[in-house]
Amino acid sequence: MPDRLYFTDSDVSNRLIAEDPLALLIGFALDQQVTVQKAFDGPRVLRERAGTLDAVALAATDLEPLFRERPAIHRFPGAMATRVHALVTHIAERYDGDAARVWTGATSTAELKANLEALPGFGEMKVRSLGAVLARRFGVALAEPLVPSHPTLGDVDSHAALAEYQAGKRAHKASLRAAAAAAAAAPR
């Protein structure tokens, strides 16, 4: 188990998402339409505002005011408060509040994939990216078949690797936009 993941500029946040499985899942839930750094710093901010990252306690809490408090935890505080509340409620009800059981309780890759897909807000891309982190950073063997062939957060093992990952992601998106623009401009 790593002592930190290098997904933010905050050493406190990097340690938290490595040490607390629920923090890692919340970070992935928030990793949408914000930077990786903002998303994975969110669990630390939520813990400071709520006083806990206990799934059962958070499931019994109205998270929206905590998400809206300035600076907001996410650029879409209402929607993400709802998503994180659904996630912590799922963990509280299905795993008795123990987020690690999402992967430690799986007995096959298919079961692990089903567990990840059942998490609120986790589509195919998040499942594969989280699978890569579990396989490459936490040594979860059942997650290996979930790892995609392209770079993911699972490849990030330093601040420099995060910068390289984000630069590659920006370049890929730019090439997709250029291809779409070229296709739109082509004579029909």
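## Structural notes on helix α8 (residues 109-117)
Here is step 1: Leu112, Asn115 and Leu116 are the residues of α8 that are buried. The buried residues of α8 occupy an angular sector of 95° when projected down its axis, which confines them to one face.
Here is step 2: Residues of α8 that are buried sit in contact with α6 (77-95), α7 (101-104) and α9 (124-138).

## Quick look at the nonpolar core
Here is step 1: Ranked by internal contacts, the top residues of the largest apolar core, which has 59 residues, are Leu25, Leu46, Ile91 and Leu153.
Here is step 2: Ignoring any residue separated from it by four or fewer positions in sequence, one finds Leu46 in contact with Ile26, Gly51, Thr52, Leu53, Leu58, Leu63, Leu66, Phe67, Ile73 and Val84.

## As for the pattern of salt bridges
Here is step 1: On inspection of all chains with the given rule, the structure shows 12 salt bridges.
Here is step 2: Between Arg44 and Asp41 there is a salt bridge, with its nearest N and O atoms 2.8 Å apart. Placement of both Arg44 and Asp41 in helix α3 (residues 36-50) is noted, with a separation of 3 residues, approximately one turn of the helix.
Here is step 3: Between Glu48 and Arg44 there is a salt bridge, and its shortest N-O distance comes to 2.7 Å. Pair noted here: Glu48 and Arg44 are both in helix α3, with a separation of 4 residues, about one helical turn.
Here is step 4: Judged by relative accessible area, Glu48 falls into the exposed class, the value being 52%.
Here is step 5: Here the salt bridges do not stand alone but share partners, grouping Asp3, Arg4, Asp11 and Arg15 into one network.

## A closer look at the side chain of Gln37
Here is step 1: With respect to the helices and strands, Gln37 occurs in helix α3.
Here is step 2: Looking at Gln37, the relative accessible area reads 19%, which means it is buried.
Here is step 3: Among the polar contacts made by the side chain of Gln37, one reaches the side chain of Gln166 at a distance of 2.9 Å.

The rules behind each value
- Residues numbered from 1 in each chain as written.
- Predicted model: local features only at pLDDT ≥ 70, side-chain atom pairs only at ≥ 80, totals over all residues.
- Heavy atoms only, no water.
- Buried < 20%, exposed > 50% of the residue type's maximum accessible area, 1.4 Å probe, protein only.
- Helix = DSSP H or I, 4+ residues; strand = E, 2+ residues; numbered from the N terminus.
- Arc of directions from axis to C-beta.
- Contact = heavy atoms within 4.5 Å.
- Core = buried A, V, L, I, M, F, W, Y, C linked by side-chain atoms within 4.5 Å.
- Salt bridge = Lys/Arg side-chain N within 4 Å of Asp/Glu carboxyl O.
- Polar contact = N/O pair within 3.5 Å; in protein donor to acceptor, adjacent residues only side chain to side chain.

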